[in-house]
2 protein chains.
Amino acid sequence: MSTPGRGLHGHVLDTLGPAITAGEYPPGSVLRTDELAHHFEVSRSVMREAVRVLESMHLVESRRRVGVTVRPKAEWNVYDPQVIRWRLAGADRPHQLRSLTVLRSAVEPVAAGLAAQHATAEQCAELTECALGMVANSRGHRLEEYLVHDVAFHRVVLNASGNEMFARLGDVVAEVLTGRTHHEVMFEDPDPAAVTLHVRVAEAVRARDAARAEELTRQITAGALQELDILAP
Amino acid sequence: MSTPGRGLHGHVLDTLGPAITAGEYPPGSVLRTDELAHHFEVSRSVMREAVRVLESMHLVESRRRVGVTVRPKAEWNVYDPQVIRWRLAGADRPHQLRSLTVLRSAVEPVAAGLAAQHATAEQCAELTECALGMVANSRGHRLEEYLVHDVAFHRVVLNASGNEMFARLGDVVAEVLTGRTHHEVMFEDPDPAAVTLHVRVAEAVRARDAARAEELTRQITAGALQELDILAP
DNA sequence: AGACTCAAAAAGTCAGACTTATAAGTCACA
DNA sequence: TGTGACTTATAAGTCTGACTTTTTGAGTCT
């Protein structure tokens, strides 16, 4: 999915990042670079690079004579894909999942409306293809195949919106959808109503009907929210 | 606004970050750590730390035997506040401003709706106070005072939504609003209609009327978008 | 009590030697 | 001529040790 273990400092981050985002070090906790370097059995230079990265994510703050202090959660760069991944892998996964789903419910409808205005013919075709793929795999416990098309569908919509900020949320949506299929309980086949909505969004975009694409997508994300409420009220 | 020049590597970033985000190094360009270190007159270790930060922002990719290659714009972490600041300071400021305003138009209405459900009494009071502050400074070229209250208003709404992802967009909104007042042409006093809308949003939130708060905020952000279209069609 | 000094602590910086991965070139063989 | 294996040059990656700088907290003097 991403860039795992690119060097020693990457390995350190893969351990320290999840630990911090999981709240194992409460805000205000002080770490010392030398100590960490010894603990991870790496040189100080490697450790310093790792700390710099954590600092750029606003997870920690490094100050002379005091050390590396963990910042309060409210200051973290929660849009950093790496941070999102760490948090989704950790204890407050449910909370993070809800935050992201609410974000989706705000962004995706507007993105769909813009997509209806800006999508190229090719993107329209892709969208229809994805929707059909969802229909084809919506029965018979073909969850994996369904997921692939679902993710692709939302990615195309976000890209077709023409807004770079929306486009970059493609990975986030992918994480959320994948998480729903893999981690949450998902014995049943997908809700037929949701499948139909996707098909209709594809149609609306192709028909350049922005208002309808937006409204239909709003129904999709509302369903996703409702699903969360049922699972974790 | 943020954390400028915290150490040598910070100074390097303050130069290299804006340069990359401004597109001075086209995607695929290859930089060499040693060369950069020599150019900025810093040691290799400092330069390496700077590169690690740029790498964590997905602005560049560092590979053995190749060097540090600049990644295409589509892969940048465009939600990183630092990246946003660099881009707002650079050449594609108008483009970035539009992207962010579209993002606002998606997020803020939903955030206002949630705020109407979750805002504490204290937050309601703050909101009213901000709105009144806007009214009081809406005439007589008191643009700076108006701006302060405007920024505060939107921050409170985003925080009161109870969603951490929304809350973290407070800084982004602040940048956009500040940019509008300082960089764009803004001789005139603020649009009276916009001021009234803010007051009514505060009322709606206090009245726990989520639908109304959302709709009114939608009108505010629609106005912001329209303003952009007039300035840069 | 307040201001002043001083020493310890931890991050920050630097220089240099060494290691490792890998792109690219070379050469032999089919 | 093309293809595979071998070699080499290169730039990042790593480690170490010495030194600098900033900041805090304790101790001291008035």
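Residues numbered from 1 in each chain as written. Chains lettered and ligands numbered in written order. Predicted model: local features only at pLDDT ≥ 70, side-chain atom pairs only at ≥ 80, totals over all residues. Heavy atoms only, no water.

1. Side note on the side chain of R168(B)
Here comes step 1: Along the chain, R168(B) turns up in the loop between helix 8 (164-167) and helix 9 (170-182).
Here comes step 2: For the buried R168(B), no salt bridge exists, and the shortest N-O distance to an oppositely charged side chain is 4.2 Å, to D171(B). (Helix = DSSP H or I, 4+ residues; strand = E, 2+ residues; numbered from the N terminus. Buried < 20%, exposed > 50% of the residue type's maximum accessible area, 1.4 Å probe, protein only. Lys, Arg positive; Asp, Glu negative; His and termini not counted. Salt bridge = Lys/Arg side-chain N within 4 Å of Asp/Glu carboxyl O.)

2. A short note on the protein's contact with DNA strand D
Here comes step 1: Neighbouring residues of DNA strand D: 20 residues in total, closest L8(A), R63(A), T33(B), R44(B) and R65(B).
Here comes step 2: When the atoms of DNA strand D within 4 Å of the protein are sorted by group, sugar and phosphate make up 67%.
Here comes step 3: Here R44(B) contributes a side-chain N or O atom positioned 2.7 Å from a base oxygen of DNA strand D.
Here comes step 4: At 3.2 Å, a side-chain N or O of S62(B) approaches a sugar or linking oxygen of DNA strand D.
Here comes step 5: Listing elements by their share of the surface near DNA strand D, those giving two or more residues are helix 3 (44-56) of chain A together with helix 3 (44-56) and strand 2 (60-63) of chain B.
Here comes step 6: The residue inventory of the surface near DNA strand D, partitioned by class, reads three nonpolar, six polar and eleven charged. (Near = heavy atom within 4 Å. Polar contact = N/O pair within 3.5 Å; in protein donor to acceptor, adjacent residues only side chain to side chain. Nonpolar A, V, L, I, M, F, W, Y, C, P; charged D, E, K, R; others polar.)

3. Considerations on the UniProt feature "domain: HTH gntR-type" (unreviewed entry) in chain A
Here comes step 1: In the numbering used here, UniProt assigns the feature "domain: HTH gntR-type" (unreviewed entry) to residues 6-73 of chain A.
Here comes step 2: The span residues 6-73 of chain A carries 51% helix and 15% strand; its end-to-end C-alpha distance comes to 26 Å. (UniProt positions renumbered as here; feature names shortened; annotations may be inferred.)

4. A short note on the sheet that holds strand 1 (residues 30-31) of chain A
Residues and elements named next belong to chain A.
Here comes step 1: One open sheet holds the three strands; their spatial order is 1-3-2, and the pairing between them is antiparallel. The sheet terminates laterally at strand 1 and strand 2 (60-63), the two strands that pair on one side only.
Here comes step 2: Both strand 2 and strand 3 (residues 67-70) contribute to a ladder of four bridges, which runs antiparallel. Note that in strand 3 the partner of S62 across the bridge is V68.
Here comes step 3: Contacts from helix 3 reach strand 2 and strand 3 within the one sheet, and its direction differs from that of strand 2 by about 125°. (Pairing = 2+ DSSP bridges. Contact = heavy atoms within 4.5 Å. Axes fitted to C-alpha atoms, helices over the stretch in contact; angles between N-to-C directions.)

5. Some remarks on the packing of helix 5 (residues 93-118) of chain A against helix 5 (residues 93-118) of chain B
Here comes step 1: Orientation of helix 5 of chain A relative to helix 5 of chain B, taken along the N-to-C sense of each, is 140°, at an axis distance of 9 Å. Judged by the inter-axis angle, helix 5 of chain A sits oblique to helix 5 of chain B. Seen from above, helix 5 of chain A lies across helix 5 of chain B with right-handed handedness. Between helix 5 of chain A and helix 5 of chain B, the contacting residues are V102(A), L103(A), S105(A), A106(A), V107(A), V110(A) and L114(A) on the first element and V102(B), L103(B), S105(B), A106(B), V107(B), V110(B) and L114(B) on the second.
Here comes step 2: Grouping the amino acids of the contact of helix 5 of chain A with helix 5 of chain B by side-chain chemistry returns twelve nonpolar, two polar and no charged. (Parallel < 35°, antiparallel > 145°, perpendicular 65-115°, else oblique. Left-handed = near helix turned anticlockwise from the far one by under 90°.)

6. What to know about helix 10 (residues 192-206) of chain B
Helical geometry note: an α-helix holds 3.6 residues per turn, so side chains three or four residues apart project in the same direction.
All names here are of chain B.
Here comes step 1: Across its 15 residues, helix 10 extends 22 Å between first and last C-alpha, which sits within 8% of the 21 Å expected from 1.5 Å per residue.
Here comes step 2: Here helix 10 has its buried residues at V195, L197, H198, V201, A202, A204 and V205.
Here comes step 3: Buried residues in helix 10 make contact with helix 5, helix 6 (121-136), helix 7 (143-160) and helix 11 (210-231).
Here comes step 4: For helix 10, the side-chain oxygen to backbone nitrogen distance between the N-cap and A193 is 3.1 Å, and the N-cap itself is D191. (Expected span 1.5 Å × (residues − 1).)

7. Some words on the nonpolar core
Here comes step 1: Of all hydrophobic cores here, the largest spans 94 residues; its most connected members are M47(A), F166(A), M47(B) and F166(B).
Here comes step 2: In this structure, M47(A) is in contact with V12(A), L16(A), T33(A), L36(A), A37(A), F40(A) and V42(A), ignoring residues within four places of it in sequence. (Core = buried A, V, L, I, M, F, W, Y, C linked by side-chain atoms within 4.5 Å.)

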